[in-house]
Amino acid sequence: MEIDPFIFRLSIFILSIFIGYYVVWSVTPSLHTPLMSVTNAISSVIIVGAIIAALAGVSESVFTISSIFGFIAIVLAAINIFGGFLVTQRMLQMYKKKKDKKK
Amino acid sequence: MISSNLSAIFYLVSGILFILALRGLSSPDTSRQGNYFGIAGMIIAIVVTFLSIGNFSISLTYVIIFLVIGGAIGAFIAFRIPMTAMPELVAGFHSLVGLAAVFVAIAAFLNPESFNLGNIGDIKLASLIEMSIGAAVGAITFSGSIIAFLKLRGIMSGAPITFSGQHILNLLLGISIFVLIFYLCKTQSSNIFWTVISISFLVGVLLIIPIGGADMPVVISMLNSYSGWAAAGIGFTLENTALIITGALVGSSGAILSYIMCNAMNRSFISVILGGFGAEGSVDDTKQKKDQKPVKSGNAEDAAFLMKNASSVIIVPGYGMAVAQAQHALREMVDKLKKNDIKVTYAIHPVAGRMPGHMNVLLAEANVPYDEVFELEDINNDFANSDVAFVIGANDVTNPVAKTDPKSPIFGMPVLDVEKCKSVLFVKRSLSPGYAGIDNELFYKDNTLMLFADAKKMTEDIVKNLD
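Residues numbered from 1 in each chain as written. Chains lettered and ligands numbered in written order. Predicted model: local features only at pLDDT ≥ 70, side-chain atom pairs only at ≥ 80, totals over all residues. Heavy atoms only, no water.

So, the pairing of strand E8 (residues 448–452) of chain B
All names here are of chain B. Within E8, four of the five residues are buried, which leaves the element mostly enclosed by the surrounding structure. Bridge analysis of strand E7 (residues 423–428) against E8 gives five bridges, and the strand direction is parallel. Each residue of the ladder has a partner; that of Phe426, found in E8, is Met450. (Buried < 20%, exposed > 50% of the residue type's maximum accessible area, 1.4 Å probe, protein only. Helix = DSSP H or I, 4+ residues; strand = E, 2+ residues; numbered from the N terminus. Pairing = 2+ DSSP bridges.)

And the structure:
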């Protein structure tokens, strides 16, 4: 019997949860704030869905009800993507090691 | 135009890059590289989406315009935001992910053809379930994060808001969401779809209002987790691997952070979520004790003298330091101490501040090298061998009652053994109890010197006196 493609996606999902579990436990506690901002940025990959929605109703008009929701979602997700990655970068730049100061 | 198989492989690549982005955070040295992996993954995902749709009409121009608008707003916020405002920024960003998930689900519901999910009124059953779960979780994330944002920003009081029957109401609303999704699948009625989303917005608000300010580290982590599950739900709807992988990663990341935060407070996740902690309690009791017990208080000069004659100082920062923006003054003080060959380290409790890692970021901002900053379990034994503990803006996380009094609400919570130091300097504006609403025994110990002032002002005064 053929396997439903849903099962494949479910497998990816479950395995990713395990990957996430082990990867996140290895994150050093001092970087927990950047962890939150970067997870926030990457979860905005939901923009993919927003783009599909926005590019949908083409033949008649650019702006249908459905595509308008898509366009707004693009703006929201884009704020997150740029904001999330840039603020993470800004934070990570600040983490410095002790400089060897000769007394 | 690229085939859907090829684009699926690219989405997988971008998912893997996201995993590497999180992996990089295992050490500050590799973290910047990790962030670049994350950015690369995002660019791949977006470009592949454009190519696989293959629609280069006027719509694409609009998509890019909106992308640039959002990007400009995001970049502006990222550069302008002060580091002390990081908790509310993250809460605000979570709300945007939640709302984006809701909107994508709505778009898919209104125009299922463009997502290959069937036709209006005849959407594939699995897709309908996935998109309504995605929309519901997204809506909860959105409204919950807005409340968290308002509380963190101080627009709304951080005090828990409780009313009788709250938990029953939440439970009923939660069940009704599931019942409605069931009927949605049977009838495909758009009215039910809108109702599910509206109830979910309400649930988000109700979930967060009973939770008090100092439990915010758990709330933010929890909302982080929700935003991941919402993304995963939408990922299943869109049959998109990158979204499914990312959603799972973010979901488990937030869940782990919530777990770590709950552990650090010795409270169960359930009890945090039910909320109301610190709303009532032993406040009257505190007032009585305050009158009875003597407290030694000092000024900046005394503090400077004590520290100058010490050979090792441990600094214990807390939320009060963030509020007073005292991190730069603190760093100046430490520089002076180091010039006198005094060993200075920082001890950070996992729930110090309003979000996981909050204190670390603030200290990093003030140019404190990260190898001088230690977590609770790494430094707790050092207090016994140190001369001075300088507690700035922390309270409950140093309270020895957590180790001695089984009746205390914070009993069993891991605390910093500050009292084992030869002397303790406690910068605080007043003797008022901390978030848990209980008195801190440390205030009345013989070796404690209270420094009643604003954290920044006091630190600056100490700096002057160190010369």
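A short note on helix H2 (residues 32–43) of chain A
Residue and element names in this part refer to chain A. For H2, with twelve residues, the first-to-last C-alpha span of 16 Å sits near the 16 Å given by 1.5 Å per residue. A large share of H2 lies buried, amounting to twelve of its twelve residues. Among the residues making up H2, those that are buried are His32, Thr33, Pro34, Leu35, Met36, Ser37, Val38, Thr39, Asn40, Ala41, Ile42 and Ser43. (Expected span 1.5 Å × (residues − 1).)

A look at the interface of chain A and chain B
Quite often, the size of an interface is put as the accessible area lost when its parts meet. Across the contact, 79 residues belong to chain A and 104 residues belong to chain B. Between chain A and chain B, the buried area comes to about 8400 Å², and carbon and sulfur atoms account for 78% of it. Considering only the side of chain A, the residues that lose the most area to chain B are Met36(A), Ile46(A) and Leu55(A), jointly responsible for 9% of the buried surface there. Taken together, the links from chain A to chain B amount to one salt bridge. Ionic pairing is found between Glu239(B) and Arg9(A), a salt bridge with its closest N-O pair at 3.5 Å. Taken together, chain A and chain B are joined by 16 residue pairs in polar contact (both at pLDDT 80 or more). For the side of chain A that touches chain B, the secondary structure elements donating two or more residues are helix H1 (5–25), H2, helix H3 (47–54) and helix H4 (65–94) of chain A. Looking at which element gives the most residues to the side of chain A that touches chain B, the answer is H4(A), with 27 residues. (Contact = heavy atoms within 4.5 Å. Buried area = accessible area lost by both parts, 1.4 Å probe. Salt bridge = Lys/Arg side-chain N within 4 Å of Asp/Glu carboxyl O. Polar contact = N/O pair within 3.5 Å; in protein donor to acceptor, adjacent residues only side chain to side chain.)

Some points on the environment of Asp417(B)
All names here are of chain B. Considering the arrangement of structural elements, one finds Asp417 in the loop between helix H17 (401–404) and E7. Assessed through its relative accessible area of 9%, Asp417 is described here as buried. C-alpha of Asp417 to C-alpha of Asp382: the two residues are 35 residues apart in sequence and 8.8 Å apart in space. Engagement of the side chain of Asp417 in a polar contact is seen with the side chain of Lys403, the distance being 2.5 Å.

Things to note about the packing of aromatic side chains
Per the stated rule, a full pass over the model turns up 15 aromatic pairs over all chains. Measuring from centroid to centroid gives 5.7 Å for Phe6(A) and Phe236(B), while their planes differ by 45°, and the two rings are tilted. Here Phe236(B) lies in helix H8 (residues 216–238) and Phe6(A) lies in helix H1, a pairing that spans two chains. Aromatic pair Phe426(B) and Phe443(B): ring centres 5.0 Å apart, planes at 85°, arrangement edge-to-face. You can see Phe426(B) sitting in strand E7 and its partner Phe443(B) sitting in the loop between E7 and E8, a full 17 residues away along the chain. Take Phe426(B): its relative accessible area is 0%, and that puts it in the buried class. Among the aromatic residues, those joined into a ring-pair cluster are Phe6(A), Phe13(A), Trp229(B) and Phe236(B). The aromatic ring of Tyr319(B) is capped on one face by Arg354(B), whose charged end is 3.6 Å from the ring centroid. (Phe/Tyr/Trp six-rings, centres within 6.5 Å; stacked < 30°, edge-to-face > 60°. Lys NZ or Arg CZ within 6 Å of the ring centre and 35° of its normal.)

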